[in-house]
Amino acid sequence: AQSVTQPDIHITVSEGASLELRCNYSYGATPYLFWYVQSPGQGLQLLLKYFSGDTLVQGIKGFEAEFKRSQSSFNLRKPSVHWSDAAEYFCAVAGGTSYGKLTFGQGTILTVHP
Amino acid sequence: DTEVTQTPKHLVMGMTNKKSLKCEQHMGHRAMYWYKQKAKKPPELMFVYSYEKLSINESVPSRFSPECPNSSLLNLHLHALQPEDSALYLCASSQAFSPRGIYGYTFGSGTRLTVV
C-alpha cells in the first residue's frame, strides 16, 4: 500500500528565509506525487505535481520540488518565504490500482515570522 | 471554468435531520470524489465516482449516501449523523480515474459540517 510521511509537524521560518518541507513516500513503482497547500478552513490548492520526466518540478507561488527516487523523497522548496505562505502543506501520492485515490501525509504547518 | 464549486459552505444539522451537500464542476472531468477532513488531520477518501458510477466506497457508514446524477454534479446525502461526523467535506474531480486522468485533480473549498 502507498503511504506518505511528512516528518515535520510544524516549521517556523522568518520572512525572506528559504524553506524546505520534507516528504517521503512508500510505493513500489513510479508514484504520482503532489504538494497541496491549505489555509485555515479552506480547501486544498495544488502547488505542483510530478508524474515523470524532469525530476525538478516548478509550481505556483515560486515553489519547486525535487523527486529523488533513491531517497523516496519529494521535498518542497522555496528560496524566499513570504508571510502569505503561512498555511498547512500536504504531500500526497497516488498510484497502484487506484490512481485517483490520493493518500496524504499528516501535513506540515508553516508559521512565518516577520 | 477551472473550479469545483461546493455548496453550502457551512452547514449545521441536528442528528435527526436529512441534508445534502452539493458539488459541481464544468471542466469535463469524469471522475469525482468525496473526502472527509477532521480538524488537524489530512483528508481521507470516502467515495469515488467514475463515469457516473460508484467505483470506490471506503467502508463509509450508510448514513452517508453519495449520488452522481450527471457528469458535472455530485451529491452527498446525510441522514442521522453523529457529532463525530462534524468535519470539512471536500469534493474533488479529475479528468478520469486512470494514471493520466489525474493530471487535473482539483479540489473544491469544502463544506464545513457541524452536527449538533
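Just above sits the structure.
What counts and what doesn't
- Residues numbered from 1 in each chain as written.
- Chains lettered and ligands numbered in written order.
- Predicted model: local features only at pLDDT ≥ 70, side-chain atom pairs only at ≥ 80, totals over all residues.
- Heavy atoms only, no water.
- Pairing = 2+ DSSP bridges.
- Helix = DSSP H or I, 4+ residues; strand = E, 2+ residues; numbered from the N terminus.
- Axes fitted to C-alpha atoms, helices over the stretch in contact; angles between N-to-C directions.
- Disulfide = S-S within 2.5 Å.
- Contact = heavy atoms within 4.5 Å.
- Buried area = accessible area lost by both parts, 1.4 Å probe.
- Salt bridge = Lys/Arg side-chain N within 4 Å of Asp/Glu carboxyl O.
- Polar contact = N/O pair within 3.5 Å; in protein donor to acceptor, adjacent residues only side chain to side chain.
- Nonpolar A, V, L, I, M, F, W, Y, C, P; charged D, E, K, R; others polar.
- Buried < 20%, exposed > 50% of the residue type's maximum accessible area, 1.4 Å probe, protein only.
- Core = buried A, V, L, I, M, F, W, Y, C linked by side-chain atoms within 4.5 Å.
- Phe/Tyr/Trp six-rings, centres within 6.5 Å; stacked < 30°, edge-to-face > 60°.

Asks: Looking at this structure, how should I read the sheet that holds strand E7 (residues 64-70) of chain B?
Replies: The pairing of strands in a sheet happens through backbone hydrogen bonds and is either parallel or antiparallel. Residues and elements named next belong to chain B. The strand order across the open sheet formed by four strands is E1-E3-E8-E7, and the pairing between neighbours is antiparallel. The sheet terminates laterally at strand E1 (4-7) and E7, the two strands that pair on one side only. For this sheet, the mean inter-axis angle between neighbouring strands, taken without regard to orientation, is 20°. Two strands pair when backbone bridges link them, and strand E3 (residues 18-25) and strand E8 (residues 73-79) are joined in this way by seven bridges, in the antiparallel orientation. Residue Leu21 lies in a different strand from E8, and its bridge partner there is Leu76.

Asks: What am I meant to see in the state of the cysteines here?
Replies: As used in these notes, a disulfide is a covalent bond between sulfur atoms, one from each of two cysteines. Residue and element names in this part refer to chain A. All chains considered together, the criterion is met by two disulfides over all chains. Residue Cys23 pairs covalently with Cys91 via a disulfide, S to S 2.0 Å. Between Cys23 and Cys91 the disulfide shows an S-S torsion of about -65°. By sign, it is left-handed. Linking Cys23 in the loop between strand E3 (19-21) and strand E4 (24-26) with Cys91 in strand E10 (residues 87-95), this pair joins segments that are 68 residues apart in sequence.

Asks: Before we go on, may I ask you to explain the interface of chain A and chain B in this structure?
Replies: A common way to state how big an interface is: give the accessible area lost once the parts meet. Each partner contributes to the interface: chain A provides 20 residues, whereas chain B provides 22 residues. Of the roughly 1,800 Å² buried between chain A and chain B on both sides combined, carbon and sulfur atoms contribute 63%. Run the count over chain A and chain B and you get one salt bridge. Here chain A is connected to chain B by four residue pairs in polar contact (both at pLDDT 80 or more). Of all the elements in the fold, those that place two or more residues in the side of chain A that touches chain B are strand E5 (32-38), E10 and strand E11 (98-104) of chain A. If one sorts the elements of the side of chain A that touches chain B by residue count, E11 of chain A sits on top with six residues. A breakdown of the residues in the side of chain A that touches chain B according to their chemical character gives 10 nonpolar, eight polar and two charged.

Asks: Quick question: what am I supposed to make of the pairing of strand E6 (residues 45-50) of chain A here?
Replies: All names here are of chain A. Here E5 pairs with E6 via five bridges, running antiparallel. Paired with Trp35 across the strands is Leu48, a residue of E6. The hairpin formed by E5 and E6 contains six residues between the paired strands, and Gly41 there has a positive phi angle of roughly 75°.

Asks: Is there a simple way to think about the side chain of Asn75 of chain B in this case?
Replies: Residues and elements named next belong to chain B. With respect to the helices and strands, Asn75 occurs in strand E8. A residue is classified by how much of its surface remains accessible, and Asn75, at 11% relative accessible area, is buried. Apart from residues no more than four positions distant in its own chain, Asn75 is found in contact with Leu21, Lys22, Trp34, Ser65, Pro66, Glu67 and Pro69.

Asks: What exactly am I supposed to notice about the nonpolar core here?
Replies: Residue and element names in this part refer to chain A. Of all hydrophobic cores here, the largest spans 26 residues; its most connected members are Leu19, Trp35, Leu47, Leu48, Phe74, Leu76 and Tyr89. Elements with a contribution of two residues or more to this core: strand E2 (10-14), E3, E5, E6, strand E8 (64-68), strand E9 (73-78), E10 and strand E12 (108-113). A total of four residues in this core trace back to one element, the largest contributor, which is E10. With near-sequence residues (within four places) excluded, Leu48 lies in contact with Leu33, Phe34, Trp35, Val57, Gln58, Gly59, Phe63, Glu64, Ala65, Phe74 and Leu76.

Asks: How do you make sense of unusual backbone geometry when you look at a structure like this?
Replies: The phi torsion of most residues other than glycine is negative, and most of the peptide bonds are trans. Omega for the bond connecting Thr7 of chain B with Pro8 of chain B falls within 30 degrees of zero, at -10°, which places this linkage in the cis form. Among the structural elements, Pro8 of chain B can be located in the loop between E1 and strand E2 (10-13). Look at Lys61 of chain A: it is not a glycine, yet its phi comes out positive at around 60°. Mapped onto the fold, Lys61 of chain A is located in the loop between strand E7 (56-58) and E8. The partly exposed category is assigned to Lys61 of chain A, whose relative accessible area is 45%. Of note in the backbone geometry, Ser72 of chain A takes a positive phi value of approximately 50° without being a glycine.

Asks: Help me out: how do you make sense of the packing of aromatic side chains in this one?
Replies: By convention here, two paired aromatic rings are described through the distance between centres and the angle between planes. Taken as a whole and judged by the stated rule, the model has 17 aromatic pairs over all chains. Note on Tyr50 of chain A and Phe74 of chain A: the rings are 6.4 Å apart at their centroids and 45° apart in plane angle, and the pair reads as tilted. Of the two residues, Tyr50 of chain A is situated in strand E6 and Phe74 of chain A in strand E9; the sequence distance between them amounts to 24 residues. Of the two residues, Tyr50 of chain A and Phe74 of chain A, both sit in the buried class. One aromatic cluster in this structure is built from Tyr32, Phe34, Tyr36, Phe51, Phe90 and Phe104 of chain A together with Tyr33, Tyr35, Tyr105 and Phe107 of chain B.

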